[in-house]
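Overview (structure and organization)
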Amino acid sequence: VALKRIVALVGGVGGAKLAYGLAQLIPTQDLTVIVNVGDDFELYGLKICPDLDTILYTLSQRVDTTNGWGVAGDTTAMLETLRGYGEDIWFRLGDQDLATHLLRTHMLHNGHTLTQVVTHLAQRMGITARVLPVTDAAVPTMIDTIEHGELPFQTYFVRHRWQPQVRGVRFVGAAQAQVSAEVRAAVAAADAILIAPSNPWLSVAPMLAVGDLRAQLLAREVPRVAVTPIIGGRAVKGPAAKLMGELGFAPTAQTVLDYYGTLVNGFVYDAQDQVSADDVRLYRTNTLMQSGEDKVKLAQNILDWIGRW
Ligand code: GDP
């Protein structure tokens, strides 16, 4: 298979790792990174897009590598001042990070689309890959919990540190929303479609729920490959394995593969796991990405593997 144009669907931290590896190998607009916006929310009137910012900060190499999000070395003077005013601070907004939210909110108020805002920010950050929000519409993810009922995503994820027990997930407005024209065109032109090792239920499902994206992807007879976020029965980070258990699934790579079903025709899983499938090509390799080298190596391995299809 001749691979030129690659589309990757990504969430935040796990998605950013693969996106980074791909961007080192495809340093052009041939790489399109489509990003989840189900985590987006408003705080003090500011529009915050956690997954988009994680991708932008990672691709521009300004990310705080310890956390995997936020700007390296960022200060928190603004937050400390708010705390002094008696505010309950539960979401961290660094001072440099704040500039991103201010400019984004300002541009949105002036009539720009989120796609235009992200394109502008990516360009100013020196990013050559195309970074696209999956939609310009608001499609907030709601998490139904046993302890607190339905919570907005960030309230569940950050305020309650994903500890509540989840019994359902809902993507408000997603069915009525449309993917952007840019996303539609990128999917239509892709030589291969990758689903990053992002949380299938909380990062990937919110994208697949937007308009007819799932049908658009299914209609493409090209490699459609997901990478497991579950290694050895555990999430590398975050609530994926815990959530799978709460929703009644075994926390395994096999569950992830079964969850994607016919959407994928290829699946990358970790060397320490076992999966089986009839109609899906399987690739077993080391999928843990710790160093920058690991990220490039996994991206290269996947592209080489797909190239041999
Ligand atoms: P979030 O929105 O910041 O939670 O980020 P994502 O949904 O993109 O990524 C979270 C998922 O990434 C988790 O389920 C992790 O298990 C997975 N993940 C993180 N690092 C790695 C890694 O190095 N390798 C693999 N295979 N998965 C990873």
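See the structure above.
Since we're looking at a predicted model, the values are computed, not measured. (Residues numbered from 1 in each chain as written. Predicted model: local features only at pLDDT ≥ 70, side-chain atom pairs only at ≥ 80, totals over all residues. Heavy atoms only, no water.)

Quick word on the overall build of the chain
Formally: Only DSSP runs of H or I reaching four residues or more are called helices, and only runs of E reaching two or more are called strands; each is numbered from the N terminus. C-alpha atoms define the radius of gyration in this analysis, and the globule rule sets the expected value at 2.2 Å times the number of residues to the power 0.38. Whether a residue is buried, partly exposed or exposed follows from its accessible area with a 1.4 Å probe, protein chains only, as a fraction of its type maximum: under 20%, in between, or over 50%, in that order. Only heavy atoms matter for contacts: two residues are in contact if any of them lie within 4.5 Å across the pair. The method behind every accessible area is Shrake-Rupley, applied with a 1.4 Å probe, and residues are considered shielded solely by the protein chains displayed. His is not counted here, nor are the chain ends, while Lys and Arg score as positive and Asp and Glu score as negative. Note that the charge is assigned to NZ on lysines, CZ on arginines, CG on aspartates and CD on glutamates.
Counting secondary structure elements, the chain contains twelve helices and 14 strands. Compactness check: the chain gives a C-alpha radius of gyration of 19 Å against a globular reference of 19 Å for 309 residues, within 12% of the reference. Along the longest, intermediate and shortest principal axes, the C-alpha atoms of the chain span 60 × 45 × 40 Å. Looking at the chain as a whole, 52% of its 309 residues are labelled buried. Restricting to contacts in the chain with at least 6 residues of sequence separation, those with at least 24 account for 67%. For the chain, the accessible surface area stands at approximately 13500 Å², while carbon and sulfur atoms represent 50% of it. Between the centroid of the 26 positive side chains of the chain and the centroid of its 30 negative side chains there is a distance of 3 Å.

Some points on the site of the ligand
Note the threshold: One heavy atom suffices: a residue is near a molecule or strand as soon as one of its heavy atoms comes within 4 Å of it. Under the rule applied, a polar contact is a pair of N or O atoms within 3.5 Å (in protein, one hydrogen donor and one hydrogen acceptor; residues adjacent in sequence only if both atoms are side-chain atoms).
Every one of the 22 residues lining the ligand counts as a neighbour, but Ser198, Ser203, Pro229, Thr287 and Met289 are closest to it. One of the side-chain N or O atoms of Lys17 is found 2.8 Å from a nitrogen atom in the ligand. Within the backbone of Met289, a nitrogen or oxygen atom sits 2.7 Å from an oxygen atom of the ligand. Within the complex, 94% of the 590 Å² of free accessible area of the ligand lies under protein.

Concerning helix H8 (residues 200–208)
In terms of burial, H8 is a largely internal element, nine of the nine residues being buried. For H8, the set of buried residues is Pro200, Trp201, Leu202, Ser203, Val204, Ala205, Pro206, Met207 and Leu208. Of the residues flanking the start of H8, the one acting as N-cap is Asn199, its side-chain oxygen 3.0 Å from the backbone nitrogen of Trp201.

A few points about the layout of surface pockets
The cut-off we apply is this: For cavity detection a 1 Å grid was placed over the protein atoms alone, and a set of points counts as a cavity when a 1.4 Å probe fits there but cannot get out; an open set counts as a pocket when protein lies on both sides within 12 Å along at least five of seven lines, with lining residues being those that have an atom within 4 Å of a point. Grid points are joined across faces, edges and corners, and a volume is the space filled by probe spheres set on the points.
By volume, the second largest pocket is sized at about 370 Å³. As for the second largest pocket, its lining consists of 20 residues, of which Lys17, Thr65, Gly68, Gln290 and Lys295 are closest to the centre. Every element with two or more residues in the lining of the second largest pocket is listed here: helix H1 (13–25), helix H2 (50–59) and helix H12 (292–307). When residues of the lining of the second largest pocket are assigned to their parent elements, the largest contribution, four residues, is made by H1.

Here's the deal with the nonpolar core
As a reminder, the rule being used: Among the buried residues, those of types Ala, Val, Leu, Ile, Met, Phe, Trp, Tyr and Cys that are joined through side-chain atoms within 4.5 Å form a nonpolar core.
Grouped together as the largest cluster of nonpolar side chains are 91 residues, with contacts concentrated most on Val131, Tyr260 and Phe267. Among the elements that line this core, the one with the most residues is H12, at six residues. Discounting chain neighbours no more than four positions away, the residues touching Tyr260 are Ile195, Ser198, Pro200, Val204, Leu208 and Ala226. Residues Phe41, Ile48, Leu79 and Leu82 belong to the second largest nonpolar core, which totals ten residues.

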